[in-house]
Amino acid sequence: MKQGALNLLIGGPAGAGIEKSGKTIALSFLRGGYFVFGNVEHMSRIRGGNNFLRLRIDEKPHASHVEEIDVMIALDKKTVEEHIGEVVDGGAVIYDSDDLDLSEIDAGKAVMIGVPLKKMATEKLGNAIMVNVISLGLVCGLVDFDVSVIKKVLGKVFEKKGAEIIKLNEKAVDIGHELAGKWAGDFHVKMSGGKAVGNMFIEGNNAFALGALKAGCKYVGEYPMTPSSSILHFMAKWAEKYGVVVKHTEDEISACNSVIGAGFAGVRSMAATSGGGLALMGEAIGLAGMNEVPCVIANVMRPGPATGLPTRTDQGDLRQVIHAGQGDPVKIVLLPGSVEECFYFGYQAFNLAEKYQLPVIVCFDKHMGEGYFTVPPFDVSTLKVDRGKLITENPGEDYKRYLQTEDGMSPRTIPGVKGGIHRSTSDEHDEYGDMTEDAENRNLMVEKRMKKLELAMSDCPKPEIIGDEGAEITFVTWGSGVGICKEAAEIHGNANILQIKTAWPFHTKEVKEILKSAKRPILVEHNYGGQMGGLIAEHTGIILEERILRYDGRPMTAKYITDKI
Amino acid sequence: MAELKDLQTRQNPNWCPGCGNFGIQAALKSAIVNLKLEPSNIAISTGIGCGSKINQWIETYGFAGLHGRSIPVAMGIKLANPELTVIDLSGDGDGYGIGMCHFINTMRRNIDITYIVQNNQIYGLTLGQTSPTSEKGAVGPSTPHGVIEEPVNPIRLALSSACTFVARGFAGDIPHLTGLIEEAVKHRGFALIDVLQPCVTFNKVNTHDFFRERVYKLSEVSEYDVSNLVRAYEVAGEWGDKIPIGVFYKVEKPTYEDSDVGLKSGNPMKADISDVNVQEVMSSFM
Ligand SMILES: Cc1ncc(C[n+]2csc(CCOP(=O)(O)OP(=O)(O)O)c2C)c(N)n1
Ligand code: SF4
Ligand SMILES: [Mg+2]
């Protein structure tokens, strides 16, 4: 008997509402005091195919799934065919016995719970749609989970639909719960209620967007691209309430240039995209660097090149984000390694952008962006807006927008400020912002822009060792690799993690120091080339020979890593 | 409020002597003065090309961005601070070539921007290649055998893209162009002024004389009605012995800013962002 840990998979064709019912299950267990990690794997199609959502419900938080299933809810045969091998002995497969003929499937020691779900829903509730809620009740019955918690969640989900719909849902839960009866007694997992309360169930994308909202972002220019689009949707949803202009533009070129226009006008602004869109933004990212315009761009990675695997995960854009745009890169690239960091780095990106007057790219992958994590509400009490050298009053005589200063940052006026008139020019320019090809000025201006990066180093999140300093193994990783490696380190028992949090500017000294004392460093990345390994080699001269790389578009698991050590 | 001398910048234009851009610069400065605009409340967005360099030579706020991308920048500025007067100037290569997608889509939005195209039917800055408005058969270094495709008709394009103010000016008629710019800036919504701008160095066909002999003013056509879209479309097809200038079409419609929910609570630039309360949003994830 396993207490308080349940791995669940719901699978079926696209359009069957898997994510929605999965979320209802997740929220139920969240309210019931558990940590839930959710991962959706979908195909790039709107109907058919096979999609699935995994929920890892536990008394402690996780950042990745396991390839083990305690309960499977199968809405099609394909789900069973593909995942039956993952079902543990005594695990359950719930399916509609009228719908699916699973007679040829070798179920091993799995318990096949075939019930005429649709028929029951239609006959008892007058609506076939209630199938998913009946299944939910069934799951809860199997694991002895408190039905009243589910009913409360459903009450909230259907709040706007009225009392009648809520009642219908409650009835469906009861039907499911009752159905479970004959299998429940022997079932190997029990979920009698956890202790975690007051948590959020949130994806990296939404956490990032929340950070942007908190930071006072008031302009969003974006063109939809999986897996970044939920950032656009989130901002559009809250636009009116928070006074944010959210523009779905004609393309990413327009998105990024309009974000720069807004930044120039003194408004915190951002774009979000994935690799292909970032490629289109490249020239504008260079522009923001040259004209010293603050702006923030989220790049949520998927496997490339070209269209690649649109709905899968990858970390192959590291080089692209650093080098997006012409010339030496005048930008900051942040790499959040958890959903909390998606929020805090997202927030911080706006401060860094304004303080150093440059574009900040926040880069994470689909696994992080669209994965669901359970975390306490973000602590916003210590967050402080820093607008750098923004000036909103007449700066006085002889104002120079690109004044050479000790720290490389110049006082920045915005349109509307009297006495602050200047041109922000993408050609090389003098201190006033006026075009000039003078060689000496060129050197000074290049150095001014690059000097800002040296200074920014102290404000950018530094590399960090997570775990025991003297561990046998050091996983060198970034982004979603961090959460997965944490679990791998736990399983291994004698491993720690070096998390790289900023890709540009690079914390050479710190990384070198940590790596020098690492006994057995292993690079863990989600790309073919080991791009972070390359970056580390370039800056520190240290070549990480041992590598665990994955590039099939599927997320790593802790076991994937420990199996390879 | 500004006088002409207040609009003089530290540098003087380096256009070729006789370039049509001088006329556009003069007209724009006069319009700013006549409209009694405060230069620090004006933001000029430009692309890259001979014409776009005008940004350097008018003392207002200016953003000189990328080739073809002046319109998205102008849009971002306007939506970030709708109180500004936003004027976009760029070449025919910028607006009708590389940036055509932005041009069409921003007209549809009816954002309150004045868009002045310095249309010399040539790529001036890159040494005289033909442009999207070059006439069929026009010869240049990239088209030594003559242009094969039909030219873009920016007026008709604007009329069919829901542009709410569609006009054409001539750089050689500064008073008339000044009037057009004033009207365009006052118009609430997206205003296009396609300006016939002779390039004395590379365009030996569409010269000052060429236009002087051909242009006529729509305002002097007695029965011309600027609210008649069909008539405007018809007149926009004229190119040859007679070339119409003036306002082709004008209509009042709500602007993008009027309808965007994000602007309901006021000017984003003036929002207090010191401590935005996101508790409600966090609760929605619980
Ligand atoms: C992305 C990009 N491609 C090409 C260029 C080179 N380029 C600069 S200006 C220009 C064409 C200019 O023509 P137009 O927009 O008509 O302006 P004009 O010089 O005629 O005023 C080109 C192709 C560039 N700056 N950027
Ligand atoms: S090349 Fe033509 S457009 Fe450019 S400055 Fe000379 S005359 Fe004017
Ligand atoms: Mg031109």
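Along each chain, residues carry numbers from 1 onward, in the same order as the chain's sequence is written. Here the convention is simple: chains get letters from A, ligands get numbers from 1, in the order in which they are written. Reporting of local features is limited, given that this is a predicted model, to residues whose pLDDT is at least 70; pairs of side-chain atoms are given and counted only at 80 or more, and all residues count toward the totals for whole chains, interfaces and linings. Excluding hydrogens and water, the side-chain figures rest on all heavy atoms present in the structure.

A closer look at the domain arrangement of chain A
Residue and element names in this part refer to chain A. Residue ranges labeled as domains rest on an automatic or database domain assignment. By domain assignment, chain A separates into domain 1 (2–198), domain 2 (205–459) and domain 3 (464–564). Taking only C-alpha atoms, the centre of domain 2 and the centre of domain 3 are 27 Å apart. Counting residues at the interface gives 27 residues for domain 2, matched by 30 residues for domain 3. Interface area, domain 2 with domain 3, both sides summed: about 2400 Å², of which 58% is carbon and sulfur. Just to be clear on terms, a salt bridge is a Lys or Arg side-chain nitrogen sitting within 4 Å of an Asp or Glu carboxyl oxygen. For the interface between domain 2 and domain 3, the tally reads two salt bridges. By definition, residues are in contact when any of their heavy atoms lie within 4.5 Å. Throughout, the accessible surface (probe 1.4 Å) given up by two parts as they are put together, summed over both, is called the buried area.

Observations concerning the sheet that holds strand 8 (residues 191–196) of chain B
Any two strands are treated as partners once DSSP identifies two or more bridges connecting them. Strands here are runs of E lasting at least two residues and helices are runs of H or I lasting at least four, both read from the DSSP assignment and numbered beginning at the N terminus. As summarised here, the arrangement of the nine strands in space is 19(A)-2(B)-1(B)-3(B)-4(B)-8(B)-7(B)-10(B)-9(B), forming an open sheet in which the pairing is mixed. Unpaired on one side and paired on the other, strand 19 (423–425) of chain A together with strand 9 (215–217) of chain B mark the two borders of the sheet. Taken over all neighbouring pairs, the strand axes of this sheet differ in orientation by 20° on average, direction set aside. Judged from the three bridges that link them, strand 9 of chain B and strand 10 (residues 243–250) of chain B form a sheet pairing that is parallel. Looking at strand 10 of chain B, one finds that B:K217 is bridged to B:I245. Here an angle of 0 to 180 degrees is reported between the N-to-C directions of two axes, which are lines fitted to C-alpha atoms, with helices fitted over the stretch in contact. Packing against the sheet, helix 2 (residues 70–80) of chain B makes contact with strand 1 (42–46), strand 2 (61–64), strand 3 (85–91) and strand 4 (114–119) of chain B, and its axis sits at approximately 175° to strand 3 of chain B.

Some words on the site of ligand 2
Close to ligand 2 lie B:W15, B:C16, B:C19, B:C50, B:N120, B:Q197, B:C199, B:V200, B:T201 and B:F202. Tallied by class, the residues present in the shell around ligand 2 amount to seven nonpolar, three polar and no charged. The near set for a molecule or strand comprises every residue that places at least one heavy atom within 4 Å of it. When residues are grouped by polarity, Ala, Val, Leu, Ile, Met, Phe, Trp, Tyr, Cys and Pro land in nonpolar, Asp, Glu, Lys and Arg in charged, and all others, Gly among them, in polar.

A few points about the site of ligand 1
Taken together, 17 residues lie near ligand 1, and B:C50, B:D92, B:G93, B:G124 and B:L125 sit nearest. More than one chain approaches ligand 1, the contributing ones being chains A and B. Here a polar contact means two N or O atoms within 3.5 Å. Within protein one must be a hydrogen donor candidate and the other an acceptor candidate, and residues neighboring in sequence count only if both atoms are side-chain atoms. Contacts to ligand 1 include B:I122, whose backbone N or O atom sits 3.0 Å from an oxygen atom. Contact between ligand 1 and B:L125: an oxygen atom at 2.9 Å from a main-chain N or O atom of the residue. Computed by Shrake-Rupley with a 1.4 Å probe, the accessible areas treat only the displayed protein chains as cover when residues are assessed. Computed on the free molecule, ligand 1 has an accessible area of 580 Å², of which 77% lies beneath the protein chains in the complex. Elements with a minimum of two residues in the shell around ligand 1: helix 3 (92–98) and strand 5 (122–123) of chain B. Looking at side-chain class alone, the shell around ligand 1 contains six nonpolar, eight polar and three charged residues.

Concerning the packing of aromatic side chains
Classification of ring pairs rests on two measures: the distance between centres of Phe, Tyr or Trp rings, Trp counted by its six-membered ring, which must be within 6.5 Å, and the angle between planes, read as stacked under 30 degrees, edge-to-face over 60 and tilted in between. Across all of its chains, the model carries 21 aromatic pairs over all chains by this definition. Measuring from ring centre to ring centre gives 4.9 Å for A:F201 and A:Y372, while their planes differ by 10°; the resulting arrangement is stacked. Of this pair, A:F201 sits in strand 9 (residues 200–203) while A:Y372 sits in strand 16 (residues 372–375), placing them 171 residues apart in sequence. Here the term buried applies to any residue with accessible area under 20% of the maximum for its type, exposed to any over 50%, and partly exposed to those in between, with areas from a 1.4 Å probe on protein chains only. The buried category is assigned to A:F201, whose relative accessible area is 3%. Judged by centre distance (6.3 Å) and plane angle (10°), the rings of A:F234 and B:F285 are stacked. On the criterion of chain membership, the pair formed by A:F234 in helix 8 (residues 229–242) and B:F285 in the segment after helix 10 (279–283) is interchain, its members lying in two chains. B:F285 carries the same exposure label as A:F234, and that label is buried. Here a set of aromatic residues connected by ring pairs shows up, and it is made of B:Y96, B:F103, B:Y115 and B:F190. Over a ring means this: the NZ of a Lys or the CZ of an Arg is within 6 Å of the ring centre and within 35 degrees of the ring normal. Over the ring of B:Y233 we find B:R156, and its NZ or CZ is 4.3 Å from the ring centre. Sitting over the ring of B:F210, B:R214 keeps its end group 3.9 Å from the ring centre.

Focus on the sheet that holds strand 11 (residues 245–248) of chain A
All names here are of chain A. Spatially, seven strands are ordered 11-10-12-13-15-14-23 in an open sheet, and the strand pairing comes out mixed. The two strands at the open ends of the sheet, each matched to only one other strand, are strand 11 and strand 23 (502–504). Taking each pair of neighbouring strands and ignoring which way they run, the sheet shows an average axis angle of 20°. Inspection of the sheet shows strand 13 (residues 295–301) paired to strand 15 (residues 359–365) by seven bridges, in the parallel sense.

Some words on the coordination of the magnesium ion (ligand 3)
Ideal geometry at a metal gives 109.5 degrees between four tetrahedral donors and either 90 or 180 degrees between six octahedral ones. Excluding water, the donors of a metal are its N, O and S neighbours within 2.8 Å, or within 3.2 Å for Na, K and Ca, and that exclusion means sites may look incomplete. Protein ligation of the magnesium ion (ligand 3) involves B:D92 (OD), B:N120 (OD1) and B:I122 (O), the donor distances falling in the range 2.0 to 2.2 Å. Here the donor residues for the magnesium ion (ligand 3) map to a single chain with the spacing D-x27-N-x1-I.

Some remarks on the packing of helix 2 of chain B against helix 4 (residues 100–109) of chain B
All names here are of chain B. Viewed as axis vectors pointing N to C, helix 2 and helix 4 meet at an angle of 30°, and their least axial separation amounts to 9 Å. Relative to helix 4, the element helix 2 lies roughly parallel. In the packing of helix 2 onto helix 4, the handedness of the crossing is left-handed. Residues I71, P72 and M75 of helix 2 lie in contact with helix 4, whose contacting residues are H102, F103, T106 and R109. Of the residues in the contact of helix 2 with helix 4, the class split is four nonpolar, two polar and one charged. Note on angle classes: values under 35 degrees are labelled roughly parallel, values over 145 roughly antiparallel, values of 65 to 115 roughly perpendicular, and the remainder oblique. For any pair of crossing helices, the crossing counts as left-handed if the nearer helix is rotated counterclockwise from the farther one by less than a right angle, and right-handed if it is rotated clockwise.

Regarding the interface of chain B and chain A
Counting residues at the interface gives 60 residues for chain B, matched by 73 residues for chain A. Both sides together, the interface formed by chain B and chain A hides about 5400 Å², and carbon and sulfur atoms give 63% of it. When the buried area of chain B at its contact with chain A is split by residue, B:Y61, B:F285 and B:M286 rank highest and sum to 15% of it. In this structure, the connection of chain B to chain A is made through six salt bridges. Among the salt bridges present, the one from A:E250 reaches B:R109, with a minimum N-O distance of 2.5 Å. One can count 27 residue pairs in polar contact (both at pLDDT 80 or more) joining chain B with chain A.

Observations regarding the nonpolar core
Working definition of a nonpolar core: buried Ala, Val, Leu, Ile, Met, Phe, Trp, Tyr and Cys residues. They are joined through side-chain atoms within 4.5 Å. Membership of the largest hydrophobic core comes to 149 residues, with the highest contact counts inside it found for A:M235, A:M270, A:I332, A:M532 and B:L192. With 10 residues, helix 12 (residues 339–356) of chain A is the single largest residue contributor to this core. A domain split of this core shows at least three residues from each of domain 2 (205–459) and domain 3 (464–564) of chain A. Dropping the residues within four chain positions of it, A:M532 is found in contact with A:L318, A:L335, A:W478, A:I500, A:F506, A:L523 and A:E525.

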